[in-house]
Amino acid sequence: MYIATTPVEVRYGETDQMGVVYHANYLIWFEIGRTALINDLGFKYADMEREGILSPVVDIKASYKHPVRYGDDVTIKTWVENYNGIRVTYGYEVMSGDELCVTGESVHTCVKKDTFKPVSIRRKFPEWHQAYEEVKKKTVAERA
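Here the structure is a predicted model, which means the values were calculated and not measured.

Reading the values: rules and limits
- Residues numbered from 1 in each chain as written.
- Predicted model: local features only at pLDDT ≥ 70, side-chain atom pairs only at ≥ 80, totals over all residues.
- Heavy atoms only, no water.
- Helix = DSSP H or I, 4+ residues; strand = E, 2+ residues; numbered from the N terminus.
- Rg over C-alpha atoms; globule rule 2.2 N^0.38 Å.
- Buried < 20%, exposed > 50% of the residue type's maximum accessible area, 1.4 Å probe, protein only.
- Areas by Shrake-Rupley, 256 points an atom, 1.4 Å probe, with all protein chains shown as cover.
- Lys, Arg positive; Asp, Glu negative; His and termini not counted.
- Charge placed at Lys NZ, Arg CZ, Asp CG, Glu CD.
- Core = buried A, V, L, I, M, F, W, Y, C linked by side-chain atoms within 4.5 Å.
- Contact = heavy atoms within 4.5 Å.
- Salt bridge = Lys/Arg side-chain N within 4 Å of Asp/Glu carboxyl O.
- Expected span 1.5 Å × (residues − 1).
- Phe/Tyr/Trp six-rings, centres within 6.5 Å; stacked < 30°, edge-to-face > 60°.
- Lys NZ or Arg CZ within 6 Å of the ring centre and 35° of its normal.

### Points about the overall build of the chain
Link 1 in the chain: Across its full length, the chain carries four helices and seven strands.
Link 2 in the chain: Along the chain, helices and strands appear, N-terminal first, in the series β-α-α-β-β-β-β-β-β-α-α.
Link 3 in the chain: Expected size for 144 residues packed as a compact globule is a radius of gyration near 15 Å; at 16 Å, the chain falls within 12% of this value.
Link 4 in the chain: A total of 144 residues make up the chain; the buried ones form 39% of that total.
Link 5 in the chain: Just so you have it, the chain exposes about 8200 Å², and 50% of that area is on carbon and sulfur atoms.
Link 6 in the chain: If the 19 positive side-chain charges of the chain are averaged to one point and the 21 negative ones to another, these points end up 9 Å apart.

### Examining the nonpolar core
Side chains that are nonpolar tend, in soluble globular proteins, to be buried together.
Link 1 in the chain: Trp29, Val68, Val74, Tyr90, Val94 and Trp128 are the most contacted members of the largest nonpolar core, which totals 32 residues.
Link 2 in the chain: If you tally residues by element for this core, the top one is helix α1 (residues 24-40), at five residues.
Link 3 in the chain: Here Trp128 is in contact with Ile38, Phe43, Lys44, Tyr45, Met48 and Ile121, once residues within four sequence places are set aside.

### Section: the pattern of salt bridges
Link 1 in the chain: Counting across every chain of the model gives five salt bridges.
Link 2 in the chain: When the shortest N-O distance is used, the salt bridge between Arg11 and Glu14 registers 2.5 Å.
Link 3 in the chain: Under the relative-accessibility criterion, Arg11 is labelled partly exposed at 47%.
Link 4 in the chain: With a shortest N-O distance of 3.8 Å, Glu133 and Lys136 are connected by a salt bridge. Here Glu133 and its partner Lys136 are both found in helix α4 (residues 126-143), three residues apart, which amounts to about one turn of the helix.

### Remarks on α1
Link 1 in the chain: With 17 residues, α1 extends 25 Å between its outermost C-alpha atoms, agreeing within 8% with the 24 Å of an ideal straight helix rising 1.5 Å per residue.
Link 2 in the chain: Every buried residue of α1 is accounted for by Asn25, Tyr26, Trp29, Phe30, Gly33, Arg34, Ala36, Leu37 and Ile38.
Link 3 in the chain: At the exit of α1 stands Gly42, carrying a positive phi of roughly 100 degrees.

### Some details on the packing of aromatic side chains
Link 1 in the chain: One pass over the full model with this rule turns up 10 aromatic pairs.
Link 2 in the chain: Relative to Trp128, the ring of Tyr45 lies with its centre 6.5 Å away and its plane at 55 degrees, an arrangement referred to as tilted. Taken together, the residues Tyr45 in helix α2 (residues 45-50) and Trp128 in helix α4 connect sequence positions 83 residues apart.
Link 3 in the chain: When its relative accessible area of 7% is taken as the criterion, Trp128 is described as buried.
Link 4 in the chain: Ring pairing ties together the aromatic residues Phe43, Tyr45, Tyr83, Tyr90, Phe125, Trp128 and Tyr132, which thus form one cluster.
Link 5 in the chain: Just above the ring of Tyr90 sits the side chain of Arg34; from NZ or CZ to the centre is 6.0 Å.

Structure below.
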């Protein structure tokens, strides 16, 4: 399974009154990790958008295991959990050293910018489709 790893240094403005990272910031970190994964695979969201295609979140989950605090260094691990040619599910782990702090996943689909009608990744972006199929196969093989 290919896993993108992205370091993040926790900034003061990301914490809440309790001194821990405010929960919504993990969703931003998921996006940072997802963008890194896509870049690692050789693609750019901006190129997709220039073609009039967006990739909105249609579902998102986060499960908090251990607090992260200002000044901590964390690593965002991101991978393709599932892909069917239309929808992509990305998996996430936020790690502080060896401590698992947050797990999550987000589901995305591609849509036309002007109508929000779904677009087949397989047809519109065959190179992305091929790359996602390859990382999905590796994930399935490693879990077997």
